[in-house]
Amino acid sequence: MDVIVQKFGGTSVSEKERRRRVIEHIRRERESGFALVVVVSAMGRFGDPYATDTLLSLVGGDRSNLPPREKDLLLSTGEIISAAVLAEELWEEDIPNTILTGGQAGIITNDRPNNAHIVALKPDRVKEALVLGHVVIVPGFQGMSQSGQITTLGRGGSDTSAAALGVALDAKYVDIYTDVNGVMTADPRFVEEARPIREMTYTEVANYAYLGAKVIHPRAVELAMQKNIPLRIRGLFDDGIGTVILPLSEINKHRGLRERLITGITHVADVTQIVVESDTVDYKLHLNVFKAMADHGISVDFINTSPSHVAYTVSRRDTERAEILLKQMELTYKLTPGCAKISVVGAGMTGRPGVMSTIVEALVEAGIPILQAADSHTTIWVLTENMYLKQALLALHRKFALAMEETEVEEDGGIVHFISS
Ligand code: ADP
Ligand code: MG
């Protein structure tokens, strides 16, 4: 039995018109002979009656007094409602189906409410229903702890549910359907000419997601990677394949990664840059600063240090607390709130000189000040101010010609290569 796991996000199940498309995708794969597990998110976004954030607002939102265990109970209902609505519409179309909650589907987690981690997968009931020819609908974002508590998996948790079920069932594909046609070369809200990336490695896409592209949760990618289950990110309203995520070895079978220098550009906005200066050489400066931040649970990022200077970023949320600490330590510092960290990602840049200089050139030509820069073998980061974000993304996107369509060409031996044309 070949299984496909399909995941439909909040916007995809929000209204009947969209769910019609959901049902078309279900029907198509079913008719091709696949056994189907369908993971759904809660319906819609904040303001829609049964969306996760709306449910949370019923009990005081971020400042809720409801204990975490009970909060998980409430939050898990959004996906259950969504599953029931889809189930009814599938029955209307004579598609037999069974709803299994996260726990019933065998997603076993630890006991940590609100952000539980999966510790075991026991999909026996899913398999039983699939054998009967049913589509199995699983409300995403939820599991059950070993002690029988309903738990939730944290933001983006439905992606994690889908990947976990894909691993448990050794799925042919895990298809993540969303409102964009794949993982794009840049956030389409900022760069109109961004286009879907055809293929990425697990490492590339996890990296991309960590660095800001919230199109798939990195934890889902890490799960799928453990068993080499192919992931596809696809558009609800698109008939294409979207972005296929594979192990490097599979990608190398039919295309050299090296011919693609840059895969895409991603960003995180609204971070604060902190620069601490010392007028003497102080080899302990960075140790003291980072220890103070760590002791107070403030995570730091984008670190550049020298014996007389330390630069790093913190989230907007942590800025006030970080400043209090720096004052207490009587350090000389400069705070720049409202910064954006832009990451240029590409496994193909490894060992190739000149990428950093191309990035700097693109930004300088566009008159965009660079506050900080750093690199690793697959990513180059630059920090600028939020007000330059859109312009910077566009300048980099153009410089690396990322809007160019990748085209398939027949190479010798009938091997298909994708190249930029
Ligand atoms: P879902 O509700 O289906 O889980 P998400 O909102 O979690 O959808 O993810 C899809 C959104 O991610 C897109 O609408 C898009 O605005 C955003 N996004 C940010 N960066 C990228 C990117 N590089 N590629 C694709 N989408 C991106
Ligand atoms: Mg999502």
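Being a predicted model, the structure only gives us computed values, none of them experimental. (Residues numbered from 1 in each chain as written. Chains lettered and ligands numbered in written order. Predicted model: local features only at pLDDT ≥ 70, side-chain atom pairs only at ≥ 80, totals over all residues. Heavy atoms only, no water.)

Enquirer: Would you mind going over the site of ligand 1 with me for this structure?
Expert: The environment of ligand 1 is formed by 19 residues, the closest being Lys7, Arg45, Thr178, Asp179 and Met184. A distance of 2.8 Å separates an oxygen atom of ligand 1 from a polar side-chain atom of Thr178. Burial of ligand 1 by the protein chains amounts to 86% of its free accessible area of 570 Å². A per-class count over the shell around ligand 1 returns 9 nonpolar, 4 polar and 6 charged. (Near = heavy atom within 4 Å. Polar contact = N/O pair within 3.5 Å; in protein donor to acceptor, adjacent residues only side chain to side chain. Areas by Shrake-Rupley, 256 points an atom, 1.4 Å probe, with all protein chains shown as cover. Nonpolar A, V, L, I, M, F, W, Y, C, P; charged D, E, K, R; others polar.)

Enquirer: Before we go on, may I ask you to explain unusual backbone geometry in this structure?
Expert: What you tend to see is this: most non-glycine residues have negative phi, and most peptide bonds are trans. For Phe141, which is not glycine, the phi torsion reads 75° and is therefore positive. Its place among the elements puts Phe141 in the loop between β6 (135-139) and β7 (142-145). (Helix = DSSP H or I, 4+ residues; strand = E, 2+ residues; numbered from the N terminus.)

Enquirer: Honestly, the packing of helix α1 (residues 16-31) against helix α3 (residues 68-92) in this entry has me stumped. Any pointers?
Expert: The description of two packed helices rests on the angle between their axes and on the distance between the axes. Put simply, α1 and α3 touch, their axes get as near as 11 Å, and they point 65° apart. The two elements α1 and α3 cross, and the hand of that crossing is right-handed. Across the interface between the two elements, Lys16, Arg19, Val22, Ile23 and Ile26 of α1 pack against Val85, Leu86, Glu89, Leu90 and Glu92 of α3. Tallied by class, the residues present in the contact of α1 with α3 amount to 6 nonpolar, no polar and 4 charged. (Axes fitted to C-alpha atoms, helices over the stretch in contact; angles between N-to-C directions. Left-handed = near helix turned anticlockwise from the far one by under 90°. Contact = heavy atoms within 4.5 Å.)

Enquirer: How should helix α5 (residues 157-168) be read in this particular structure?
Expert: Each α-helix winds once per 3.6 residues, and so residues spaced three or four apart point in a common direction. An ideal rise of 1.5 Å per residue puts 16 Å on 12 residues; α5 measures up with 16 Å between its terminal C-alpha atoms. Taken as a whole, α5 has its buried residues at Gly157, Ser158, Asp159, Thr160, Ser161, Ala162, Ala163, Ala164, Leu165, Gly166 and Val167. Taken from the residues just after α5, Asp170 is the one with a positive phi, measuring 50°. (Expected span 1.5 Å × (residues − 1). Buried < 20%, exposed > 50% of the residue type's maximum accessible area, 1.4 Å probe, protein only.)

Enquirer: Looking at this structure, I do not really get the pattern of salt bridges. What am I missing?
Expert: Inspection of every chain in the model, using the stated rule, returns 21 salt bridges. The salt bridge involving Asp159 is made with Lys7; its shortest N-O contact spans 2.8 Å. Of this pair, Asp159 sits in helix α5 while Lys7 sits in strand β1 (residues 3-8), placing them 152 residues apart in sequence. Asp159 gets classed as buried once you look at its relative accessible area, which sits at 5%. Salt bridges sharing common partners tie together Arg28, Glu29, Asp175, Arg232 and Arg234. (Salt bridge = Lys/Arg side-chain N within 4 Å of Asp/Glu carboxyl O.)

Enquirer: I'm lost on the UniProt feature "binding site: ATP" (unreviewed entry) in the chain in this one. Help?
Expert: The UniProt record annotates "binding site: ATP" (unreviewed entry) at Lys7, Phe8, Gly9, Gly10, Thr178, Asp179, Arg189, Lys214 and Val215. With respect to the element layout, Phe8 can be found in strand β1. What Phe8 contacts, discounting residues up to four positions off in sequence, is Val13, Val22, His25, Ile26, Val38, Val39, Val40, Ser41, Tyr177 and Leu236. Of note, Gly10 is situated in the loop between β1 and α1. Looking at Gly10, the relative accessible area reads 9%, which means it is buried. Each residue touching Gly10, except ones within four places of it in the same chain, is listed here: Ser41, Ala42, Met43, Gly44 and Arg45. (UniProt positions renumbered as here; feature names shortened; annotations may be inferred.)

Enquirer: Sorry, what's going on with the nonpolar core here?
Expert: A general tendency of soluble globular proteins is for nonpolar side chains to be buried together. Core analysis: the biggest nonpolar cluster contains 47 residues, and Val5 and Val37 have the highest contact counts within it. Ranked by residues supplied to this core, first place goes to α5 with 5 residues. Built from parts of two domains, this core gets at least three residues from each of domain 1 (3-254) and domain 2 (264-400). Those residues in contact with Val5 that sit more than four places away from it in its chain are Val37, Val39, Ala162, Leu165, Gly166, Ala171, Tyr173, Val174 and Asp175. (Core = buried A, V, L, I, M, F, W, Y, C linked by side-chain atoms within 4.5 Å. Domains from an automatic or database assignment.)

Enquirer: Before we go on, may I ask you to explain the sheet that holds strand β4 (residues 107-109) in this structure?
Expert: Neighbouring strands of a sheet are bound in pairs by backbone hydrogen bonds; such pairs are parallel or else antiparallel. Taken together, the 4 strands give an open sheet; going across it, the order is β5-β4-β7-β8, and neighbouring strands pair in mixed fashion. Of all strands in the sheet, those with a lone pairing partner are β5 (118-121) and β8 (150-152), marking the two edges. The sheet shows a mean angle of 45° between the axes of neighbouring strands, taken without regard to direction. Pairing between β7 and β8: 3 bridges, direction antiparallel. Paired with Gln142 across the bridge in β8 is Thr152. Those strands touched by α3 are β7 and β8, and its axis lies near 75° from that of β8. (Pairing = 2+ DSSP bridges.)

Enquirer: Is there a simple way to think about the sheet that holds β6 in this case?
Expert: Judged by pairing direction, the sheet is mixed, and its 8 strands sit side by side in the order β3-β6-β2-β1-β9-β11-β12-β10 without closing on themselves. Edge positions in the sheet fall to β3 (97-99) and β10 (199-201), since each of these pairs with one other strand and no more. Geometrically, the sheet is characterised by an average inter-axis angle of 20° between neighbouring strands, direction not taken into account. Here strand β9 (residues 173-178) runs beside strand β11 (residues 231-235); their pairing, made up of 5 bridges, is parallel. Considered in β11, the bridge of Val174 is made with Leu231. On the sheet, α3 packs against β2 (35-40), β3 and β6 and is oriented at approximately 160° with respect to β6. With respect to the sheet, helix α4 (residues 124-131) is in contact with β1, β2, β3 and β6, its orientation differing from that of β2 by roughly 130°.

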